[in-house]
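Architecture at a glance
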Amino acid sequence: MARPLPCTLLRDSLRVASLIASILLPASVCAQQAQPLDARFLLGVGTHQGLGGPVSARGYVPAENIAQIKQLGFNAFRDDFPWSDFEMPGRRLGFNPRLGRLEAQVRSGVARPLLILAFGHHLIPNSSPPTTDEARQRFAEYAAAAARSVVAQDPLFELWNEWNLASKKDAAFSPENYLALAQVARPAVKRVAPNAPFLVGALGDDPDWIWTEKMLRTGILQYADGASIHLYNFCMGPSKRTSAEIIDRLTAFHRLVSQASGNPTFPIYVTETGWTTASNKCGVNEQAQADNTAQLILWASTATRWLKGMWLYELKDSGTNPSDLEHNFGLYRFDNSPKPVACAAQGAWAFIRSSLSAERRELASGVVSINASTTSGGRVAVWSEAPGRRYEIRIKDDQQGASFAMPCNATAKPASGIWIPVSSTPVLIAANDSAIPALEIRPVR
């Protein structure tokens, strides 16, 4: 018979056993200790209350738009906080009638505001962009006052908007000047709003990441709580106007930021993305806009170790010209009637927002599944990235109570024992127990 272990060794052995047990705990147990997705990820929408003065030519009206954000169930919005409208003559800084619409939406508490600190001031020399110490200091004073005015609403701030695109026409929009602005603006914001994330980048389209890499080489991430980017593909070839293409580029951006920061979980925010339904060579149809958006929301749940937020552009169409690109990005039309993308985004978010963990899998070539654990049961979303190929899926085991629906059709139908067609519109399968439903797949002959 082996001699009994001394108490100290026994205690150490128990500690080791406990550690091993914790490492080997099933994912479902670990997931139960996690926060739901909507507590650790921001899904927002772009609005335009901060531009245009008291009456919006784009049709934005706070009361209507607040109701739309509530209907969508999103937990964030993004809007402009222009310096030139916030600082009045005589260095009077604060909300005023020109920013009344923005103030109403921020103060409503409908969602967490991401506010863009941007644009020059018409009364301040060298301010568009700030290129002198005096102009940068004045910008920092504005940024601090702006942050102080909204700190109670738990805001995030973003430094400028698509600075890199302005650099194509004006050399003053250089990576070095952007760094110099971040170096004064971030400390000013943090003094009055220490818990507010300060984002740099707001990068517009940057082929081959040339400007992005220059920016990252300046060391700017030392002066940031997150890196932000805008991702669009509406003017690429028709086969590239997909969520998959956006995900590929976002993943490449993540690699660049990870390398520059030395941190694989450095926070990244997609502060603009979406598809225009304009009736021209760059538009997509309304169903493609809906499907792409739902897919992107569902996929985002799998990347939250580093992806901390995503804002769809934009809440409503900004005009009525059917062929104008900028007029037709909305989740709602100019008259505030919903496009299919509104219910697609709402339904996808409602399905995934309570997930504790999620991962992406490939069921067949071009067929994606998002497998998620929630406190109310396992969930799977399935769609095809290759609409030309036709498949069907079925739950392998007879899971009583399992159901399926589509993002825009919340009426759940029994899922057990039936083959369900797969298309670019995600199929949303929910099970009553904690097990994530296992699926089998077959091509449709």
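I will try to describe carefully the structure that is included in this document. In this text the structure is predicted, and so the values were computed from the model without any measurement. Counting of residues starts from 1 at the beginning of each chain's written sequence and follows it residue by residue. For this predicted model, a pLDDT threshold of at least 70 governs which residues receive local features, and a threshold of 80 or more governs which side-chain atom pairs are given and counted, while totals over whole chains, interfaces and linings are taken from all residues. Only hydrogens and water are removed before side-chain values are computed, so all heavy atoms of the structure are retained for them.

Regular strands have side chains that alternate between both faces of the sheet. Only protein chains enter the area calculation, which uses a 1.4 Å probe; residues under 20% of their type maximum are buried, those over 50% are exposed, and those in between are partly exposed. In this text, helices come from DSSP runs of H or I with a minimum length of four residues, and strands from runs of E with a minimum of two, each type numbered from the N-terminal end. Where burial is concerned, little of strand S16 (residues 409-414) is hidden: 0 out of the 6 residues are buried. Strand pairing is assigned whenever DSSP identifies at least 2 bridges connecting the two strands. Bridge analysis of strand S15 (residues 403-406) against S16 gives 3 bridges, and the strand direction is antiparallel. Paired with Ser403 across the bridge in S16 is Pro414. Where S15 hands over to S16, the hairpin turn is made up of 2 residues, counted between the paired strands.

Two measures define how a pair of helices packs: the angle their axes make with one another and the distance between the axes. Each axis is a line fitted through C-alpha atoms, taken for helices only over the stretch in contact, and angles between the N-to-C directions span 0 to 180 degrees. Across the interface, helix H10 (residues 210-217) lies against helix H11 (residues 243-261) with an axial gap of 10 Å and an inter-helix angle of 20 degrees. When the axes of H10 and H11 are compared, the pair comes out roughly parallel. Crossing geometry of H10 relative to H11 is assigned as right-handed. Two secondary-structure elements touch here, H10 through Thr212, Glu213 and Leu216 and H11 through Phe253, Leu256, Val257 and Ala260. In the scheme used here, Gly and all other residues not listed as nonpolar or charged are polar, with Ala, Val, Leu, Ile, Met, Phe, Trp, Tyr, Cys and Pro taken as nonpolar and Asp, Glu, Lys and Arg as charged. Considering only residue class, the contact of H10 with H11 consists of 5 nonpolar, 1 polar and 1 charged. To sort the angles, those under 35 degrees are grouped as roughly parallel, those over 145 as roughly antiparallel, those from 65 to 115 as roughly perpendicular, and the leftovers as oblique. Take the far helix as your reference; a near helix turned counterclockwise from it by less than a right angle gives a left-handed crossing, and one turned clockwise gives a right-handed crossing. Residues are treated as being in contact if the distance between any of their heavy atoms lies within 4.5 Å.

The criterion is simple. A nonpolar core is a set of buried Ala, Val, Leu, Ile, Met, Phe, Trp, Tyr and Cys residues joined through side-chain atoms within 4.5 Å. In this structure, Phe81, Phe139 and Leu307 are the most contacted members of the largest nonpolar core, which totals 99 residues. Not counting residues within four places of it along the chain, the set of residues in contact with Phe139 comprises Trp83, Leu117, Ala118, Pro130, Leu159, Trp160, Leu181 and Ala185. Counting residues in each nonpolar core, the second largest holds 15 residues, with Val367, Val380, Ile395 and Leu439 among its members.

Counting through the fold element by element, Ala172 comes out in the loop between helix H8 (163-166) and helix H9 (175-192). Residues Ala172 and Ser127, spaced 45 residues apart in sequence, show a C-alpha to C-alpha distance of 10 Å. Not counting chain neighbours up to four residues away, the residues in contact with Ala172 comprise Pro129, Thr131, Trp163 and Asn177.

Across the junction of Ser128 and Pro129, the peptide omega takes the value 5 degrees, indicating a cis bond. Note on placement: Pro129 falls in the loop between strand S5 (112-118) and helix H7 (133-150). With an omega dihedral of -5 degrees, the bond running from Tyr313 to Glu314 counts as a cis peptide bond. Mapped onto the fold, Glu314 is located in the loop between strand S10 (307-312) and helix H13 (340-352). In this structure, Glu162 is a non-glycine residue whose phi angle is positive, near 55 degrees. Relative to the elements of secondary structure, Glu162 occurs in the loop between strand S6 (156-159) and H8. Positive phi values are uncommon outside glycine, yet Asp208 reaches one of about 65 degrees. Looking at where Asp208 falls in the secondary structure, it is placed in the loop between strand S7 (198-203) and H10. Asp208 sits in the exposed class, given a relative accessible area of 65%.

Taken by themselves, the reported measurements are silent on function.
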